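Topology and contacts: notes
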Amino acid sequence: GENVEQHPSTLSVQEGDSAVIKCTYSDSASNYFPWYKQELGKRPQLIIDIRSNVGEKKDQRIAVTLNKTAKHFSLHITETQPEDSAVYFCAASMKGYSTLTFGKGTMLLVSP
Amino acid sequence: EAQVTQNPRYLITVTGKKLTVTCSQNMNHEYMSWYRQDPGLGLRQIYYSMNVEVTDKGDVPEGYKVSRKEKRNFPLILESPSPNQTSLYFCASTTSWFSGSRDNEQFFGPGTRLTVL
């Protein structure tokens, strides 16, 4: 089955800095890569996603890049704010949601 | 209000005592799924259902059962809970299992924190 590795496990940045979280996947058939944000005590929520026919996608301060050849994808958050502090999960799937495999998560701490 | 609900939200039980965690969605979604979340392990899929009476195993199905008799409900059953099933459980639903996309976002319930003593 699919295996998703996520790094780093924790990331501390100063407000206004950029943050980058990286994930690698094992199955070249995977074609859907969502990112979820989970605030403390809350449920995961989708923040951005990308499909394998696209190399980059941006939504305001967040962007995701995908390198199919290297089988890795990254989340970029610019101009970080304290409210960006949360655990971020990447995931990969080859069949929509039926085979969604998550990374272990990255705890992002943005200090004022 | 469109939502996924889970009950109970918190449960402490003892080894071997059968329990059911309910999940219900009011969005007429075809696809529903159960995940467990453990520190350092992320989210792992337990079971999923593509439609009524159609269920399949995820990555960690051992010790769990599910049923999908109605479109809106997808209960998770632990027939003989053990301490290693202590975890945070999330139910999720979406329109269709087939295509992951922003337009077909998977919505998560609020979570059920289960402790098995």
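Attention in this report is confined to the structure presented alongside it. (Residues numbered from 1 in each chain as written. Chains lettered and ligands numbered in written order. Predicted model: local features only at pLDDT ≥ 70, side-chain atom pairs only at ≥ 80, totals over all residues. Heavy atoms only, no water.)

Counting its secondary structure elements, chain A contains zero helices and eleven strands. In chain A, the order of α-helices and β-strands from amino to carboxyl end is β-β-β-β-β-β-β-β-β-β-β. Computed over its C-alpha atoms, the radius of gyration of chain A comes to 13 Å, within 12% of the 13 Å expected for a compact globule of 112 residues. Taken along its principal axes, the extent of the C-alpha atoms in chain A is 40 × 30 × 20 Å. For chain A, with 112 residues in total, the buried portion stands at 46%. Put simply, of all contacts in chain A between residues at least 6 apart along the chain, 53% involve residues at least 24 apart. (Helix = DSSP H or I, 4+ residues; strand = E, 2+ residues; numbered from the N terminus. Rg over C-alpha atoms; globule rule 2.2 N^0.38 Å. Buried < 20%, exposed > 50% of the residue type's maximum accessible area, 1.4 Å probe, protein only. Contact = heavy atoms within 4.5 Å.)

Turning our eyes to something else, we now look at the packing of aromatic side chains. In this structure the tally under the stated criterion is twelve aromatic pairs over all chains. Ring geometry for Tyr 36 of chain A against Phe 108 of chain B: centres 5.5 Å apart, planes inclined by 85 degrees, an arrangement best described as edge-to-face. Linking Tyr 36 of chain A in strand 4 (residues 32-38) with Phe 108 of chain B in strand 10 (residues 107-108), this pair reaches from one chain into another. Comparing Tyr 36 of chain A with Phe 108 of chain B shows no difference in burial state: the two are buried. With a centroid separation of 5.5 Å and 85 degrees between ring planes, the pair formed by Phe 102 of chain A and Tyr 35 of chain B is classed as edge-to-face. Of this pair, Phe 102 of chain A sits in strand 10 (residues 101-102) while Tyr 35 of chain B sits in strand 4 (residues 31-38), on two different chains. Among the aromatic residues, those joined into a ring-pair cluster are Tyr 36, Phe 89 and Phe 102 of chain A together with Tyr 35, Phe 90 and Phe 108 of chain B. (Phe/Tyr/Trp six-rings, centres within 6.5 Å; stacked < 30°, edge-to-face > 60°.)

Residue and element names in this part refer to chain B. There is a patch of nonpolar side chains on the surface, built from Ile 12, Val 14 and Leu 117 and spanning about 320 Å² of accessible area. Within the secondary structure, Leu 117 is located in the segment after strand 11 (112-116). Residue class for Leu 117 comes out exposed when judged on its relative accessible area of 59%. (Patch = residues over 30% accessible without salt bridge, like charges linked within 9 Å, V, L, I, M, F, W, Y side chains within 5 Å. Areas by Shrake-Rupley, 256 points an atom, 1.4 Å probe, with all protein chains shown as cover. Salt bridge = Lys/Arg side-chain N within 4 Å of Asp/Glu carboxyl O.)

Moving on: the pairing of strand 9 (residues 86-92) of chain A. Residues and elements named next belong to chain A. Within strand 9, six of the seven residues are buried, which leaves the element mostly enclosed by the surrounding structure. Pairing geometry for strand 4 and strand 9, over four bridges, is antiparallel. Note on strand 9: the bridge partner recorded for Trp 35 is Cys 90. The pairing of strand 9 with strand 11 (residues 106-111) spans three bridges and is antiparallel. When the bridges of strand 11 are listed, Val 87 appears paired with Met 107. Sheet topology places strand 9 next to strand 10; two bridges connect them, and they run antiparallel. In the sheet register, Ala 91 faces strand 10, and the bridge partner there is Phe 102. (Pairing = 2+ DSSP bridges.)

Turning our attention to the nonpolar core. Grouped together as the largest cluster of nonpolar side chains are 24 residues, with contacts concentrated most on Trp 35, Phe 73, Leu 75, Tyr 88 and Leu 108 of chain A. Contributing elements (two or more residues each) for this core: strand 2 (10-14), strand 3 (19-25), strand 4, strand 5 (45-51), strand 7 (62-67), strand 8 (72-77), strand 9 and strand 11 of chain A. With residues up to four places along the chain from it excluded, the contact list for Leu 75 of chain A reads Ala 19, Val 20, Ile 21, Trp 35, Ile 47, Ile 48, Ala 63 and Tyr 88 of chain A. Residues Tyr 47, Tyr 64, Tyr 89 and Val 116 of chain B belong to the second largest nonpolar core, which totals 19 residues. (Core = buried A, V, L, I, M, F, W, Y, C linked by side-chain atoms within 4.5 Å.)

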